[in-house]
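Here is how the chains run, residue by residue.
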Amino acid sequence: MKTLGIVFGNIHDDEIGELTAVRSIASVPFGGRFRLIDFVLSNMVNSGISKVGVITKNNYQSLMDHVGSGKHWDLSRKNGGLIILPPYGGGDKDLYSHRLGAIKNISGFIRHCDEEYVIFSDCDNVCNMNFASVVQAHIDNHADITLVARKKNLTNQKPRTIMEVDKSGKVTKVVNTTKAQGENIVFANIFVMNRKFLLNLLETASELGYVSFTNDILAKGCSQYNIYSYMQDGYFATIDSLGNYYKHSLELLNKSIRDELFYRDGANIYTKVRDSAPFRVGSTGSISNSLIADGCDIQGEVKNSILFRGVKVAKGAKITNCILFQDTVIGEGSTLNCVISDKLVTVLDGRMLSGHETHPYFISKHAVI
């Protein structure tokens, strides 16, 4: 089955504004050496998808630097491969603000493709799943739209797209709400459509003045279209707040979760390869239960933390429950607890910084503390 992959590179930027001030959500660092887009790209290529379009809107310089030609995901090809899809508007006022607008923006690209099916995915999903199984379920159900879903216990007031399904898996109701509590079936921001059906749907949406994919297409379409759910199992993390970013990042310190995420059923997660020296631990340095990337220099104490490439921890410094991005420098005698530092941060000698596991302390890029 020929399937086109489409990735939304900027949707959900506002939900973690601290990390997306200088980048798109697609290029947010994760797990010591990865970016969030690595997971959806790897899922697609592991599922046999060889043409992937990445929809961008703004702040995508770091994204383009990271994905390059797509060679690290075997997407550097003469036919198909990785295609960056920037906004085709006449100015900022024409930029899309929602998912439906983003799809309309690339309708010309989709029209000129010849794949029979299209699978869409956001970049706020951290998972390792077989997209080919989703497409096959879409075919078997003779569905117009297939929505990947999962059961989740909702406790906060963030907007969620929840659905009701019958015994066959057909979706009977879709609603976007902030009031859902307890266990619900939640839309996972991954969905499949037939390409020709999608193009017809876009024309209908324009004629009817639809602006929202969830409220106009899905909620109103349950009685018009064959919409089915595909229940996702296994590890799945949604990066929809700085707190959740912190929580799900530190979950990687659990080996069973790392194995489930990065090596599930033999399917690996790929990223841009950088040739750099291994990390170094000095005579005064110590590391426990942490992920340390290449090029780090550890002269102090690191516990329960994730350090990206090139981080330097000076003698006498203590790092606990922290996430330190690339080239962060921690001075002598400084103590950090529950801290997230962006790239190129410098913490001078003798500083003491602390957040909480539910509200980590964030240091912006290039800051000097």
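Check the entry above for the structure.
Residues numbered from 1 in each chain as written. Predicted model: local features only at pLDDT ≥ 70, side-chain atom pairs only at ≥ 80, totals over all residues. Heavy atoms only, no water.

**Q** When you look at the overall build of the chain in this model, what are you seeing that I'm missing?
**A** When helices and strands are tallied, the chain shows 9 helices and 28 strands. Judged by the C-alpha coordinates and their principal axes, the chain covers about 65 × 50 × 45 Å. With 369 residues in all, the chain has 54% of them scored as buried. For the chain, the share of sequence-separated contacts (at least 6 apart) that also reach a separation of at least 24 residues comes to 57%. When the accessible surface of the chain is split by element, carbon and sulfur atoms take 46% of a total near 16100 Å². Side-chain charges of the chain comprise 40 positive and 37 negative groups, with the mean position of each set lying 2 Å from the other. (Helix = DSSP H or I, 4+ residues; strand = E, 2+ residues; numbered from the N terminus. Buried < 20%, exposed > 50% of the residue type's maximum accessible area, 1.4 Å probe, protein only. Contact = heavy atoms within 4.5 Å. Areas by Shrake-Rupley, 256 points an atom, 1.4 Å probe, with all protein chains shown as cover. Lys, Arg positive; Asp, Glu negative; His and termini not counted. Charge placed at Lys NZ, Arg CZ, Asp CG, Glu CD.)

**Q** Is there a simple way to think about the sheet that holds strand 21 (residues 318–320) in this case?
**A** In a beta sheet, neighbouring strands are held together by backbone hydrogen bonds and run either parallel or antiparallel to one another. Reading across the sheet, the 5 strands line up as 15-18-21-24-27 and stay open at both edges, with parallel pairing between neighbours. The open sheet has two edge strands, strand 15 (286–288) and strand 27 (352–354), and neither has a second partner. For this sheet the average axis-to-axis angle between neighbouring strands, irrespective of direction, equals 5°. The pairing of strand 24 (residues 335–337) with strand 27 spans 3 bridges and is parallel. By the bridge assignment for strand 27, Asn 337 is matched with Ser 354. (Pairing = 2+ DSSP bridges. Axes fitted to C-alpha atoms, helices over the stretch in contact; angles between N-to-C directions.)

**Q** Help me understand helix 1 (residues 37–46) in this model?
**A** The periodicity of an α-helix, 3.6 residues per turn, causes residues three or four positions apart to be oriented the same way. Burial analysis of helix 1 places 8 of its 10 residues in the buried class, the great majority of the element. Those residues of helix 1 not exposed but buried are Ile 37, Asp 38, Phe 39, Val 40, Leu 41, Ser 42, Asn 43 and Met 44. Just downstream of helix 1 lies Gly 48, where phi reads positive at about 85°.

**Q** Would you explain the packing of aromatic side chains in this entry?
**A** For any two aromatic rings, the description comes down to two numbers: the centre-to-centre distance and the angle of the planes. According to the stated counting rule, one finds 13 aromatic pairs in the structure shown. Here the aromatic rings of Phe 197 and Tyr 225 are separated by 5.4 Å at their centres, their planes lie at 85°, and the arrangement is edge-to-face. Taken together, the residues Phe 197 in helix 6 (residues 195–208) and Tyr 225 in the loop between helix 7 (213–221) and strand 12 (227–231) connect sequence positions 28 residues apart. For Phe 197, a relative accessible area of 18% corresponds to the buried category. With a relative accessible area of 16%, Tyr 225 lands in the buried category. Through pairs of rings, three or more aromatic residues link up here, namely Phe 30, Phe 34, Phe 39, Tyr 245, Phe 262, Tyr 263, Phe 308 and Phe 325. Arg 33 extends its terminal NZ or CZ atom over the ring of Phe 34, reaching a point 5.3 Å from the ring centre. (Phe/Tyr/Trp six-rings, centres within 6.5 Å; stacked < 30°, edge-to-face > 60°. Lys NZ or Arg CZ within 6 Å of the ring centre and 35° of its normal.)

**Q** How should I be thinking about the pairing of strand 11 (residues 182–194) in this particular structure?
**A** Looking down a regular strand, the side chains alternate between one sheet face and the other. For strand 11, the tally of buried residues reaches 10 of 13 residues, placing the bulk of the element in the interior. Pairing between strand 6 (residues 117–122) and strand 11: 5 bridges, direction antiparallel. Its bridge partner lying in strand 11, Tyr 117 is registered against Asn 194. In this structure, strand 8 (residues 145–154) lies alongside strand 11, joined through 9 bridges in antiparallel fashion. Counterpart to Thr 146 in the pairing with strand 11 is Val 192. Examined bridge by bridge, strand 9 (residues 160–165) and strand 11 share 2 bridges and lie antiparallel to one another. Considered in strand 11, the bridge of Ile 162 is made with Val 186.

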